[in-house]
Amino acid sequence: MPDEARAFQPRTHLRALVEERLGSGAVILHGAAGSGKSQLAAACAREHAARGTPVVWVDLSTAHDLLGRRTARISGLGSREERTSGARRPYLLVLDDVTDPEAAARALRSCGTDWVIVTTRDRRCVPLGQAVEVGEYTYQEALAYLRDTAGDGREEAAQGLLPLMGRLPLTLALAAKAIGHSFQDTFSVLYGASGPGRGSPLSAVVRLLLRGLSTKQVRLLEELALLARRGLPGRMLIAEGERAAFEALAETSLVVLRDGWVRFSSTVVQEAVRHRASGAVWETMANAIRRCELIYDIEAPDAWRELEFLDVLAEHATALLEYAVRLTGRDDDDLHRLQIVLADLLNLHDHALGLINTLRDFSRATSLARHVLDHATPLLPPDHPALTRIRGHLATACGPTGREEEAIALFEGILDTRLRTLNSDHPDTQDARDGLALAYLAAERPWDAIDLQEQLLTDRRLTLGPGHGKTLMAYNNLALSYLRADRAEEAVTLLETAAETAGDSHRTTLVTLGNLALAYARLDRADEAMELHRLVLSRRSRALGGDHPDALAAQHHLAVLHQRLGRLPAAITLLREVLATREDVLGPGHPDTLASRAALVSAYEEAGDLETAVEVCRQGVERLRILPDDQAGRRLLPQARAWERLAALHAARGDAAARDAALSEVAAIADRMARDGDAAGAAKVTARAGQLRRGPAAADRAAWRPPGELDPDLDEVFSALSKLDPTGLRAARVLRRSFDQIYDGAHTGRFRWDQLTRTEKAGMAARVAIGLGHEFGFPGGVGQEIEIDGVAAGYAFSGSGAGWTFAQNEIGAVRVLLWADDERSLWGMGVLRVQPRLLAAAGAARRGGHRLNLLGNASVRWIHNHAPLPRNVLLGLPAEDTDAIFRESSAAGRLSELFRRAQGQVVGASAVAAVAMQENAMTRVREVRATLGLEGIVVLGGHHEHRRIAEALTLPVPGQGELVSIRLARRGPRHHGAPRVEIRGEPWVIAQEGDPVGLAPLLP
């Protein structure tokens, strides 16, 4: 919490507003930089602390990762349920200097208290709670402040300057310091800044204060200005006298010293100083880089103890890189200096990425490496060694984060570069082969990995010797591939050889013994595996400490072996310990933490304790929710998997509503992944969610029936339909056709269920019944008996997933129940024997029909449920898009607008007909293609070349009667890593924001 500022003005009216609104939601103090938001929040916090209320102050300007790594500790202060029960006291949480509204929203959901104050300059945070705008001092407050700070005999002079300087608290604080040095200079500067287009009074006063500082102080400020906003921790004040110099600067209010950190008092101050630094930028940049070279003191084995300091150094190196790139418009001499600086900065990032990958924080490494490459690649030769190393770190991180094909492509490119610039025996070339092999393994291609690794092991032994660390790791990597390829005995032989070669003291020995334990377990040599796991855990704990990531990994493997052997109490005890320690040491989003949580959930599930399994899984989801946005964005895939796991657990408990709620979260994550450009990842997530909605696998479904229910006829119908349509694709196509037929878009322009009349909706059942009869070869329709494998049955349809009605004469009959919701693109098909006990009471019967009661709905034996229905693309578009489409007066104009606004989505013939409002609508597409081609947009169809292009660009592949539109751009340096396709000999990619609009390639 910041100390109370000199001459602090109590701002009674604002504090009264805060106190009035506390306790009924977060209070959002928002306003411009320098308006005194933090001081106001601190005054409220001190008042609460004086009354005995615990206060948690989170300074997000320096604790950038606190919401990620320490949320468990903050939220542990008390949940709402605990506070209500009296188990914990309420506390006041202050989130100071919030810049990420989404991360703040996640934190507020999980903080466990209603007493929250948020300070922010970002107006997007205002909807998070009850807003209190913090602006300038009142005139009387400003006068009082100047009387207390300007010094003896200067009150009247200061009062005369007030109209020129405004009443912003930070401006007044800086001006008071300036007045103390020279009233005349202050007057001149403020007067000069008062005209239009001359900058703010705050910037003018900053420039004036800089004039009165020593050369050393100015250089320190200029260096600080080039670094990240969060400022410098005490460890980065490396030169003699720097701390004292910054303490003196704090007296000017230009910088703030808090908890050993130094940072600018405002971003406006930082920008003003940065502008001044541009004159001697290269010297200042070199000094800042030297300060960041402290990162080289962090070695891989100790990196986990330096997580926060590593964060700081990496963030400062990135800030310097971003600033350096902005200097590209200078002369040739500056360009030469820039390339030297870039090489130094890339070396810093190279070391940082190596440490981050060693820590297995692959999502974070992926994000940082992409950022570095985006900035540096256009300014350096493509084969620059530093760029190649950064690409290697990116490739290493892509495999474990679900981007295996990208990892393979990157390593193949790196290997090609190494072979062109080095020889095949060079260590860097061998490292590239090793990386490519591990990428193959991550992509479930162990045989490809083995081909490379067997040759690599031979090469390592010849060039480095059998006892070299890289040779021993080659043994281990090849053994892991053997395990993945079900060649466990060969893996054991390799690992035993490696362990014997390394001896007892080599740094790779414990890695080898751990992998050997895994291989023994695969061969059911449980006692030997248990003995080795315990040996590895004991040695690592003794040498590194029990909370070292390597020791925790050994403990995790030991717990998993206990679980495999059926020793669930021992497994659960160990996994709970590992999870708690990993979450505290590595953070809730680290892959190792996620692995321990997944194993613990699995152990509880296997023990039959589904309630605890759900609770542990739910806690994990909440931890991931709170990650700051830069981390949450990097960890979308783990979030999706956590929600999928929770959905599966709810399904196992029979809680369909909770399952569907969890799957809705999965769908939202998939949408975000798609928006962020990860179409392949979004497709995988969506496919898994679809499987969960459909329920158990076919083999499990066939064996399932409601408790106590024996009905051979029902089993016969269930089995016949399951065999006829095991995937559900046939019935889904029938339902899609039925919707399109009843909409009759070619004549009416309709495309939504709510556009139909009641009579038309009632006719949907007949269309579905007739369509299914043709599809499966069963005669009949609604109300008519059909025969399925010798069993008399009939159809019933609902547009909502419930609400089927049955006539009195249908009681006792077997019915095939269908439902479809075009709005949500979901459908289901199940079977049921209609029985009186499954029907609602007579008073609930509607229009002569009986509806199912709760037991009846639960008794449906679903063949497919919540399965994906072929999508109505028009329903998926925002209302403003559909309005814009139908606003066009001509068929061609409407179709053109459709393909502009529905890019990357499958557009069926029915949607084309509804938009064109004519029967031969597909013939219109040819003229639309010509129009859109001038905007760079192609419309892909069922042609084999079109399908090839869609597949290469990871777009949905259009089938017969389907179309997919997308804007293309010629591939350039800014498209590094994006999917590409060759069209008429030229490389094309999906156009990104900022790409110029050009002609689309000609397609057959």
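Here the structure is a predicted model, which is why all the values come from computation and not from measurement.

Rules used in this analysis
- Residues numbered from 1 in each chain as written.
- Predicted model: local features only at pLDDT ≥ 70, side-chain atom pairs only at ≥ 80, totals over all residues.
- Heavy atoms only, no water.
- Helix = DSSP H or I, 4+ residues; strand = E, 2+ residues; numbered from the N terminus.
- Contact = heavy atoms within 4.5 Å.
- Areas by Shrake-Rupley, 256 points an atom, 1.4 Å probe, with all protein chains shown as cover.
- Pairing = 2+ DSSP bridges.
- Buried < 20%, exposed > 50% of the residue type's maximum accessible area, 1.4 Å probe, protein only.
- Axes fitted to C-alpha atoms, helices over the stretch in contact; angles between N-to-C directions.
- Parallel < 35°, antiparallel > 145°, perpendicular 65-115°, else oblique.
- Left-handed = near helix turned anticlockwise from the far one by under 90°.
- Nonpolar A, V, L, I, M, F, W, Y, C, P; charged D, E, K, R; others polar.
- Core = buried A, V, L, I, M, F, W, Y, C linked by side-chain atoms within 4.5 Å.
- Salt bridge = Lys/Arg side-chain N within 4 Å of Asp/Glu carboxyl O.
- Phe/Tyr/Trp six-rings, centres within 6.5 Å; stacked < 30°, edge-to-face > 60°.
- Lys NZ or Arg CZ within 6 Å of the ring centre and 35° of its normal.
- Lys, Arg positive; Asp, Glu negative; His and termini not counted.
- Expected span 1.5 Å × (residues − 1).
- pLDDT = per-residue confidence, 0-100.

Section: the overall build of the protein
Each helix and strand in the protein was counted, giving 46 helices and 19 strands. Long-range contacts, defined here as pairs at least 24 residues apart, represent 65% of the contacts in the protein between residues at least 6 apart. When the accessible surface of the protein is summed, it comes to about 44100 Å², and 51% of that surface belongs to carbon and sulfur atoms.

Structural notes on the pairing of strand β6 (residues 255-258)
As defined by bridge partners, β6 adjoins strand β7 (residues 261-264) across four bridges and the pair is classed as antiparallel. The partner of valine 255 across the bridge, within β7, is phenylalanine 264. In sequence, β6 turns back onto β7 through a hairpin of two residues, with aspartate 259 there showing a positive phi of about 55 degrees.

Re the pairing of strand β9 (residues 791-798)
β9 sits mainly inside the fold: seven of its eight residues count as buried. As paired strands, strand β8 (residues 786-788) and β9 are joined by three bridges and run antiparallel to one another. Paired with glutamate 787 across the bridge in β9 is alanine 792. Where β8 folds back onto β9 in an antiparallel hairpin, the turn is made up of two residues, including aspartate 789, whose phi is positive at roughly 50 degrees.

Quick word on the sheet that holds strand β1 (residues 27-30)
Taken in spatial order, the five strands of this open sheet run β2-β3-β4-β1-β5, and their pairing is parallel. Two strands close off the open sheet at either side, each with one partner strand: β2 (55-59) and β5 (130-133). Direction aside, the axes of adjacent strands within the sheet are offset by 15 degrees on average. Two elements, β1 and β5, share four bridges in a ladder whose sense is parallel. Counterpart to valine 27 in the pairing with β5 is glutamine 130. Sitting on the sheet, helix α1 (residues 12-21) touches β1, β4 (116-120) and β5, and the angle it makes with β5 is about 175 degrees.

Details of the packing of helix α27 (residues 549-564) against helix α29 (residues 591-606)
Between α27 and α29, the least distance of the axes is 11 Å, while the angle of their chain directions is 20 degrees. With respect to their mutual orientation, α27 and α29 come out roughly parallel. With respect to the hand of their crossing, α27 and α29 are arranged in left-handed fashion. Residues His556, Val560 and Gln563 of α27 pack against Ala595, Ser596, Ala599, Ser602, Ala603 and Glu606 of α29. Among the residues forming the contact of α27 with α29, the class breakdown is four nonpolar, four polar and one charged.

Here we look at the sheet that holds strand β11 (residues 814-821)
The five strands are arranged β8-β9-β11-β12-β14 in an open sheet whose pairing can be described as mixed. On the outer flanks of this sheet lie β8 and β14 (861-868), each paired with one strand and no other. Neighbour-to-neighbour, the strand axes of the sheet open up by a mean angle of 30 degrees, direction not taken into account. Strand direction decides the pairing type here: β9 and β11, joined by six bridges, are parallel. Its bridge partner lying in β11, alanine 793 is registered against valine 814.

So, the nonpolar core
In globular proteins that are soluble, nonpolar side chains generally tend to be buried together. Leu221 and Leu320 are the most contacted members of the largest nonpolar core, which totals 95 residues. Non-local contacts of leucine 320, meaning those with residues more than four positions away in its chain, are made with Leu226, Leu227, Met285, Ala288, Ile289, Cys292 and Leu345. Of all hydrophobic cores here, the second largest spans 66 residues; its members include Ala499, Ala517, Ala599 and Tyr604.

Quick word on the pattern of salt bridges
For the structure shown, the criterion picks out 47 salt bridges. A salt bridge links aspartate 122 to arginine 124; the nearest nitrogen and oxygen atoms lie 2.7 Å apart. Take aspartate 122: its relative accessible area is 17%, and that puts it in the buried class. Measuring nitrogen to oxygen at the nearest pair gives 3.0 Å for the salt bridge that ties aspartate 383 to arginine 420. Note that aspartate 383 is positioned in the loop between α18 (362-376) and α19 (385-398) and arginine 420 in helix α20 (residues 404-421), a separation of 37 residues in sequence. Among the charged side chains, a salt-bridge network with shared partners connects Asp881, Glu897, Arg900, Arg901 and Glu935.

Let's talk about unusual backbone geometry
Peptide bonds are, in most cases, trans, and in most cases residues other than glycine have a negative phi. The phi angle at arginine 11 is positive, at roughly 50 degrees, despite the residue not being glycine. With respect to the helices, strands and loops of the structure, arginine 11 is situated in the segment before α1. Notably, arginine 360 is not glycine yet its phi reads approximately 65 degrees, a positive angle. Considering the arrangement of structural elements, one finds arginine 360 in the loop between α17 (332-358) and α18. By relative accessible area, arginine 360 is classed as partly exposed at 37%.

Observations concerning the packing of aromatic side chains
Any aromatic ring pair is given by two values, namely how distant the centres are and how the planes are angled relative to each other. Considering all chains together, one arrives at four aromatic pairs under this definition. Here phenylalanine 739 and tryptophan 753 contribute two aromatic rings whose centre-to-centre distance is 5.7 Å and whose plane-to-plane angle is 80 degrees, an arrangement assigned as edge-to-face. Here tryptophan 753 lies in the loop between α38 (745-748) and α39 (758-776) and phenylalanine 739 lies in helix α37 (residues 729-743), a separation of 14 residues in the sequence. Here tryptophan 753 falls in the partly exposed class, since its relative accessible area comes to 24%. An aromatic cluster is built from Phe739, Tyr743 and Trp753, whose rings are joined through pairwise contacts. Arginine 235 extends its terminal NZ or CZ atom over the ring of phenylalanine 309, reaching a point 3.8 Å from the ring centre.

A closer look at the side chain of aspartate 434
By secondary structure assignment, the location of aspartate 434 is in helix α21 (residues 427-442). Of the side chains with opposite charge, arginine 460 comes closest to the buried, unpaired aspartate 434, at an N-O distance of 4.4 Å. Excluding residues within four positions of it along the chain, aspartate 434 makes contact with Leu456, Arg460 and Asn477.

Topic: helix α23 (residues 469-484)
Across its 16 residues, α23 extends 23 Å between first and last C-alpha, which sits within 8% of the 22 Å expected from 1.5 Å per residue. Taken together, the buried positions of α23 are Gly469, Thr471, Leu472, Ala474, Tyr475, Asn476, Asn477, Leu478, Ala479, Ser481, Tyr482 and Leu483. Those residues of α23 that are buried are in contact with α21, α22 (446-463), α24 (488-502) and α25 (509-522). A positive backbone phi angle near 60 degrees is found at aspartate 486, which sits one or two residues after α23.

Let's talk about the environment of histidine 557
For histidine 557, the location among the structural elements is in helix α27. Remark: the alpha-carbon pair of histidine 557 and methionine 530, spanning 27 residues in sequence, is separated by 9.5 Å. If we ignore the near neighbours within four places in the chain, the residues touching histidine 557 are Leu518 and His533.

Brief notes about the packing of α21 against α22
Here α21 crosses α22 at 155 degrees, and the two axes come no closer than 8 Å. In terms of their interaxial angle, α21 and α22 are classed as roughly antiparallel. In this structure, the crossing between α21 and α22 has a hand that is left-handed. In this structure, α21 uses Pro427, Gln430, Asp431, Arg433, Asp434, Leu436, Ala437, Leu438, Tyr440 and Leu441 to contact α22, whose residues at the interface are Pro446, Asp448, Ala449, Leu452, Gln453, Leu456, Asp459, Arg460 and Thr463. A class-by-class count of the residues in the contact of α21 with α22 yields 10 nonpolar, three polar and six charged.

Observations concerning helix α33 (residues 656-675)
Here α33 contains 20 residues, and its C-alpha end-to-end distance of 28 Å stays within 8% of the 28 Å for a straight helix at 1.5 Å per residue. The first or second residue beyond α33 is glycine 677, which carries a positive phi of 95 degrees.

Here we look at the environment of histidine 533
Among the structural elements, histidine 533 can be located in helix α26 (residues 526-544). Through-space distance from the C-alpha of histidine 533 to that of leucine 561 is 8.8 Å; in sequence the pair is 28 residues apart. Excluding its chain neighbours within four sequence positions, the residues that come into contact with histidine 533 are Gly514, Ala517, Leu518, His557, Leu558 and Leu561.

Quick notes on the confidence of the model for the protein
Per-residue confidence for the protein gives a mean pLDDT of 80, with 84% of residues at or over 70. Strand β16 (residues 937-940) holds the highest mean pLDDT among the elements of the protein, 93, whereas helix α35 (residues 698-703) holds the lowest, 36. The low-confidence segment residues 190-198, where pLDDT is below 50, has 14 contacts with residues more than four positions distant or belonging to other chains. Confidence drops under pLDDT 50 across residues 628-633; counting only partners more than four residues distant or on other chains, this segment forms 19 contacts.

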